[in-house]
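Each chain, letter by letter, is given below.
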Amino acid sequence: DKNKFNNKKYRLVVRFTNRRVICQIMYATIRGDMVVAQASSTELANYGVPVGHKNYAAAYCTGLLIARRALKKFGLDETFKGKEE
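Being a predicted model, the structure only gives us computed values, none of them experimental. (Residues numbered from 1 in each chain as written. Predicted model: local features only at pLDDT ≥ 70, side-chain atom pairs only at ≥ 80, totals over all residues. Heavy atoms only, no water.)

Enquirer: Explanation requested: the pattern of salt bridges in the structure shown.
Expert: For side chains bearing opposite charge, pairing can occur when the charged atoms are close. For the coordinates displayed, the defined rule picks out two salt bridges. The partner of Arg69 in a salt bridge is Glu43, and the shortest N-O contact between them spans 2.3 Å. Note that Arg69 is positioned in helix H1 (residues 56-73) and Glu43 in the loop between strand E3 (33-40) and H1, a separation of 26 residues in sequence. Looking at Arg69, the relative accessible area reads 31%, which means it is partly exposed. Two residues, Lys81 and Glu78, come together in a salt bridge whose shortest N-O distance is 3.0 Å. (Salt bridge = Lys/Arg side-chain N within 4 Å of Asp/Glu carboxyl O. Helix = DSSP H or I, 4+ residues; strand = E, 2+ residues; numbered from the N terminus. Buried < 20%, exposed > 50% of the residue type's maximum accessible area, 1.4 Å probe, protein only.)

As C-alpha cells, then:
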C-alpha cells in the first residue's frame, strides 16, 4: 500500500547484556534503523542507584528513563507529568 510508505512505526527495543540493560526507541527506514532515544542501566548511577544494573528493577527504571527522554524529545513532557510529591 503506497499510503504506508515512509510512515514511522516506533518500537521499543530492550537488550539484556551480561552487565546492563539497554533500551532504545527506534523506527525502520530503507536506509536503516533510526534511534529516537536511548537509555542504559549504567546511567542509573547518576540517579542514586549505584549497583544492580542487570535485574528486573533496573530494567523498569531504565524504561521510565527512556520514556521521559522520548516525551521530552517530542515536546510532550509537560503534558504527561510524572508523579509529583
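The structure having been displayed, the exposition proceeds.
Enquirer: Is there a simple way to think about the nonpolar core in this case?
Expert: Generally speaking, a soluble globular protein has its nonpolar side chains buried in company with each other. One finds Val21, Cys23, Ile25, Tyr27, Val36, Ala37, Ala39, Ala59, Leu65, Ile66 and Ala70 forming the largest nonpolar core, which totals 11 residues. If you list the elements that add at least two residues to this core, you get strand E2 (21-28), E3 and H1. Discounting chain neighbours no more than four positions away, the residues touching Tyr27 are Lys8, Lys9, Tyr10, Gly32, Asp33, Met34 and Val36. (Core = buried A, V, L, I, M, F, W, Y, C linked by side-chain atoms within 4.5 Å. Contact = heavy atoms within 4.5 Å.)

Enquirer: What is the right way to read the pairing of E3 from this model?
Expert: Relative to E3, E2 runs antiparallel, the two being bridged by seven bridges. Within E3, the position partnered with Ala28 by the bridge is Asp33. The turn linking E2 back onto E3 is made up of four residues, and Gly32 within it adopts a positive phi angle of 150 degrees. (Pairing = 2+ DSSP bridges.)

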